[in-house]
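Coordinate inspection notes
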Amino acid sequence: MSDKKKRIEEKILEHELVPKHELLTREEALGVLRELGIRPEQLPWIRASDPIAKLLGAKPGDIIRIVRKSPTAGTSVAYRFVVVG
Amino acid sequence: MVESDKTIKGIKFGILSPEMIRKISVTAVVTPEVYDENGIPIEGGVMDPRLGVIEPGQRCATCGNTLAQCPGHFGHLELAKPIIHIGYVRHIFMLLKTTCHSCNRVKIPEEDVLRYRDLYRRLRNRWPQLASSLIEFIRQKASKALECPHCGSRQFKIRLEKPATFIEEGGRGKLYPDVIKQWLSNIPNTDLEILGIDPEVARPEWMIINVLAIPPIAVRPSIVLETGMRAEDDLTHKLVDIIRANEKLKEALNSGAPEIILEDLWELLQYHVMTYIDNELPGVPVAKRRSGMPLKTLSQRLKGKEGRFRGNLSGKRVDYSARTVISPDPNLGINEVGVPYEVAMTLTVPEYVTQWNLDKMREYVLNGPYRWPGANYVIDPSGRRLDLRYVKDLKALAESLKPGYIVERHLVNGDIVMFNRQPSLHRMSIMVHRVRVLPGKTFRLHLAVCPPYNADFDGDEMNLHVPQTVEARAEAEELLLVEKHILTPRYGGPIIGGIQDYISGGYLLTLKSTLLTKDQVSDLLATIDYLGEIPEPAILSPVEAWTGKQIFSLLLPEDFNFIGETRLSSGNLKCSSDECFWDTLLLVKKGRILAGVIDKTVIGSQQPKSMMHYLIMDKGVEVGAEFMNKAFKLFLRYIEMVGFTMTLDNVKPDERALEESAKVISDSYGEVQKLIDMYRAGQLEPVPGRTLSETLEIRILDVLARARDDAGSASIKYMSLTNPVYIMARTGARGGNLNITQMSVVLGQQSVRGERIWRGYRGRVLSHYKYGDLSPKAKGFVESSFYRGLTPLEVFFHSAGGREGLVDTAVRTSQSGYMQRRLINALQDLYIEYDMSVRSLYGELVQFKYGEDSVDPKKTAFGKAVDIDRIIVKNVGWRMSV
Ligand SMILES: [Mg+2]
Ligand SMILES: [Zn+2]
Ligand SMILES: [Zn+2]
């Protein structure tokens, strides 16, 4: 990967249109799953090769939390389950 | 009735094995003959009586049941040579490519086979998508192998020649079905598993048919025509063809016919079996009836809109429904629907006889099926159904009624029914109405419910459904009643509301200048069944007179406050404070209109933030519905009293208007000519991304559009405030400034695909113009108005533009219909869980919180938690400015 491309990818998280992404710890992840009452694969998926997932160092099986700004709800929280690919 | 306590957990599809086909078969079919000379079905033919009962009263030769009980039974046909099942060609092709021609193992090394199998088994249930991509990967890998990893033999390329011929290039050449069957049957079960085939239910050699199942006669019934002739089902015809071809092939085999003859006959049998399964195969001649109609064979029965799935399973024709033309009835309530007697006497509601409704039920039974309100059937406590058309003594039956009986009575006033207009694009397309039985042959509905159904009365038809149980009625009424859909979840505003004359009428009634005599007031209040006191007259002398605002205010709740600009508040009539002279700011305090008039933005349908919207939000939909019922009747009565219409003179342009608009148009022609000259001289500055000629067109279009608008406003300026056409446009009742402009001054530029019209002759549209003429009139600018009339050339341009509009709507409806179908299929099973998350049937999360905020758009102040402005107005009733 060229240096320039790499720099751009690192800046993804800083872009104003990219919501906050964070990797959950195992405990947090289990808590989320318990709260929602579902198995991890029933969450929406994100590929491990997704630029954001790579940047967070997410591995298949991890769960990512996304906190978005919402004009109606203030903030809204979503989760993604990391899968191979 | 015995009910099974078994539940279906899943469905697994497989392929019938020849053994299974023979086992379920009740007879071998051996002859192409169907009937003997007496018309009796021949045993061993395709109509063999053992295949099931066809005529009522008969008993089945196989199971001994009558027509209603006998499920029908399969037969079988032993084919002289195996045939490729056309539905499995793709699978067979895959298997031939991925397995070895010599040892018939999958072309994957042994240790990998086991590894993949274990991996596949682990993935299969939890990661179906991954499992299928693994299968795909294995297939790719296996078909690429040049040498068999098991026996080491060199591999040939297999080619599929459509529809069903396999060629082994460089090897044996054409692979005959019996060779393929042998090959497939040698593939071991473990190898099949990693190729994505479950050998338990689908051994691949079963994809080559050597025993054909003959479906029961019930699947392909013959019909007797009036002439006494028997017409057989298409499937029966095709089966006879197959049997005949099979017989010929068998004879040829036995007599040791030459190879070429054999192959031809085999091909023929292959063709017949193929078209028996699917008669729309690409590259295969369609099997036709003698009349030239293509035969409807197995796959044609399932496919498409009228096929088994879309036509009979996903959607079906239903009982207790009616369909007829609709027409308007302003005297109904918005929750009502007018139902013709004829329909009311055909549709029924089952009602349980109780001690409290006994007399009523006796009356219905006594009236019988031909007098409304009567009944069509009585079901006695033993479950016997009596058809009242054939009951001799209705009186005796009525006497014998007692609790425990069920009377299927006619539809009566107040019954609740579901009313629907296609295309049912949103939830307001099916709503519950209360029945009003009326003379006539059409369904009648209130005009305010036209917008949600998107109905008009130019021949539209609608459907009506009668819920049959108490639970269904309760559910339908709670969820679907018209008034519960006044507000739409699409934008939160009222979709049901005033249209057309309701708006004109409201405007005329609430005009500052409207004064009503006592007679008129009494007339108006009588039409809405007003029972209260008549208010103090606004004018006491010389005669008592009331304002229209006073009368209308009687319908508003006493504590209702509202302030808002009306549609008329613009230009020199703009009002933004309550001290304004123009009466275009609507001011309602304590249920009285103090200032302002009614127009589309006050009571119109599809107008969020209108007075009516806030009335409904404050007081509830019941009050809103009642308000509409009364107010709209009032408006119509008033518009009837004063008379409201339009004539040709109303669109006649004023002299001054004509002069001004003519000047505007001719000025624009000059401007266009200047542009053309600049273009010709090469002085035109091109718009970025456009060629010079495109730039010219854009500029000309712009100039002409402006010219039309300017000419329009010049003429509208001179219109009288009492001109009904002008009133309708200003209040939003019907039409706008563009319509007025086109009627009275100038039609403007006609366009096709957003361009000036240029297609036709080379360099010109019609032979009436010079080559290369770029002037407005040569390319579709119509300077006549509808009032003046169009010249023949203008009519030509106008119809070209008009045609495009028609084509556009036709194309758009079909495309959006298809999109709707896809969306509905994808979304229909989503539901909102109690935690407000949106989930699929399989528990997958679709949205973590419905719409991010779990807010119902019908119950929110346009996305905000509270609407402070509204709260102030609602409680204080006053704000100095808007
Ligand atoms: Mg219509
Ligand atoms: Zn039977
Ligand atoms: Zn081999």
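Below is a summary of the structure that appears in this document.

1. Brief notes about a positive patch on the surface
- A surface patch of like charges, here positive, comprises Lys 305, Arg 310, Arg 821 and Arg 822 of chain B.
- Locating Arg 310 of chain B in the fold gives a position in helix α10 (residues 308-313).

2. Points about the coordination of the zinc ion (ligand 3)
Residues and elements named next belong to chain B.
- Protein coordination at the zinc ion (ligand 3) comes from Cys 100 (SG), Cys 103 (SG), Cys 148 (SG) and Cys 151 (SG), with a distance range of 2.2 to 2.3 Å.
- Within one chain, the residues serving as donors to the zinc ion (ligand 3) are arranged as C-x2-C-x44-C-x2-C. Of this pair, Cys 103 sits in the loop between α2 (89-98) and α3 (110-126) while Cys 151 sits in the loop between α4 (128-144) and β2 (157-161), and the two are 48 residues apart along the sequence.
- Among the residues examined, Cys 151 registers a relative accessible area of 37% and is labelled partly exposed.

3. Structural notes on the coordination of the zinc ion (ligand 2)
Residues and elements named next belong to chain B.
- Surrounding the zinc ion (ligand 2) are the protein donor atoms Cys 60 (SG), Cys 63 (SG), Cys 70 (SG) and His 73 (NE2), which sit 2.0 to 2.3 Å from the metal.
- Within one chain, the residues donating to the zinc ion (ligand 2) are spaced in sequence as C-x2-C-x6-C-x2-H.
- Residue Cys 70 is classed as buried on the basis of its relative accessible area, which comes to 13%.

4. Considering the interface of chain A and chain B
- Chain A puts 19 residues into the contact, and the matching count from chain B is 14 residues.
- Both sides together, the interface formed by chain A and chain B hides about 1,300 Å², and carbon and sulfur atoms give 58% of it.
- Between chain A and chain B we count 0 salt bridges in total.
- Seen at the junction of chain A and chain B, the total is 4 residue pairs in polar contact (both at pLDDT 80 or more).
- Ranked by residue count, the leading element in the side of chain A that touches chain B is strand β4 (residues 74-83) of chain A, at 7 residues.
- Per-class residue counts for the side of chain A that touches chain B are 12 nonpolar, 5 polar and 2 charged.

5. Focus on the packing of helix α20 (residues 611-619) of chain B against helix α21 (residues 621-642) of chain B
All names here are of chain B.
- One can describe the packing of α20 onto α21 by two numbers: an axis separation of 6 Å at closest approach and a directional angle of 140°. Relative to α21, the element α20 is oriented oblique. For the pair α20 and α21, contact is made by Met 611, Met 612, Leu 615, Ile 616 and Lys 619 and by Val 621, Val 623, Gly 624, Phe 627 and Met 628, respectively.

6. Re the sheet that holds strand β22 (residues 592-595) of chain B
Residue and element names in this part refer to chain B.
- One open sheet holds the 3 strands; their spatial order is β20-β21-β22, and the pairing between them is antiparallel. With partners counted over all chains shown, the strands left at the sheet margins are β20 (562-565) and β22, one partner each. On average, each strand axis in the sheet is tilted by 20° relative to the strand beside it, whichever way the strands run.
- By the bridge criterion, 4 bridges tie β20 to strand β21 (residues 585-589) in an arrangement that is antiparallel. Residue pairing in the sheet places Gly 564 in a bridge with Leu 586 of β21.

7. Examining the pairing of strand β3 (residues 165-169) of chain B
Residues and elements named next belong to chain B.
- With 4 of its 5 residues buried, β3 lies for the most part within the structure.
- Inspection of the sheet shows β2 paired to β3 by 5 bridges, in the antiparallel sense. Its bridge partner being in β3, Arg 159 is matched across the sheet by Ile 167.
- Bridging between β3 and strand β4 (residues 173-175) involves 3 bridges; their strand directions are antiparallel. In the sheet register, Ile 167 faces β4, and the bridge partner there is Lys 174.
- From the end of β3 to the start of β4, which pair antiparallel, there are 3 residues, and Gly 170 there has a positive phi angle of about 85°.

8. Concerning the packing of helix α16 (residues 501-510) of chain B against helix α24 (residues 724-731) of chain B
All names here are of chain B.
- Running from N to C, α16 and α24 point in directions that differ by 100°, and their axes come no closer than 10 Å. One element, α16, and the other, α24, form an angle in the roughly perpendicular class. In this structure, α16 contributes Ile 503, Ser 504, Tyr 507 and Leu 508 to the contact, and α24 contributes Ile 727, Met 728, Arg 730 and Thr 731.
- Within the contact of α16 with α24, the residues separate by chemical class into 5 nonpolar, 2 polar and 1 charged.

9. Observations regarding the packing of aromatic side chains
Residue and element names in this part refer to chain B.
- One pass over the structure, following the stated rule, counts 15 aromatic pairs over all chains.
- These aromatic residues form a ring-pair network of at least three members: Tyr 502, Phe 552, Phe 627, Phe 632 and Phe 635.
- A cation over an aromatic ring shows up here: Lys 81 above the ring of Trp 266, its NZ or CZ 4.7 Å from the ring centre.
- Above the plane of the ring of Phe 93 lies Lys 97, whose end atom (NZ or CZ) is 4.3 Å from the centre.

10. Description of the sheet that holds strand β12 (residues 385-387) of chain B
Residues and elements named next belong to chain B.
- The 4 strands lie next to each other as β10-β13-β11-β12, forming an open sheet whose pairing is antiparallel. Each of the sheet's edge strands pairs with one partner strand only, and the pair in question is β10 (348-352) and β12. Each adjacent strand pair in this sheet contributes to an overall mean axis angle of 25°, direction not counted.
- Most of the contacts of helix α12 (residues 358-367) go to strand β13 (residues 406-410), to which it runs at about 65°, and overall it touches β10, β11 (375-379) and β13.

How each quantity is defined
Residues numbered from 1 in each chain as written. Chains lettered and ligands numbered in written order. Predicted model: local features only at pLDDT ≥ 70, side-chain atom pairs only at ≥ 80, totals over all residues. Heavy atoms only, no water. Patch = residues over 30% accessible without salt bridge, like charges linked within 9 Å, V, L, I, M, F, W, Y side chains within 5 Å. Areas by Shrake-Rupley, 256 points an atom, 1.4 Å probe, with all protein chains shown as cover. Salt bridge = Lys/Arg side-chain N within 4 Å of Asp/Glu carboxyl O. Lys, Arg positive; Asp, Glu negative; His and termini not counted. Charge placed at Lys NZ, Arg CZ, Asp CG, Glu CD. Helix = DSSP H or I, 4+ residues; strand = E, 2+ residues; numbered from the N terminus. Donors = N, O, S within 2.8 Å, 3.2 Å for Na, K, Ca; no water. Buried < 20%, exposed > 50% of the residue type's maximum accessible area, 1.4 Å probe, protein only. Contact = heavy atoms within 4.5 Å. Buried area = accessible area lost by both parts, 1.4 Å probe. Polar contact = N/O pair within 3.5 Å; in protein donor to acceptor, adjacent residues only side chain to side chain. Nonpolar A, V, L, I, M, F, W, Y, C, P; charged D, E, K, R; others polar. Axes fitted to C-alpha atoms, helices over the stretch in contact; angles between N-to-C directions. Parallel < 35°, antiparallel > 145°, perpendicular 65-115°, else oblique. Pairing = 2+ DSSP bridges. Phe/Tyr/Trp six-rings, centres within 6.5 Å; stacked < 30°, edge-to-face > 60°. Lys NZ or Arg CZ within 6 Å of the ring centre and 35° of its normal.

Note that all results are geometric; they support no functional claim without further evidence.
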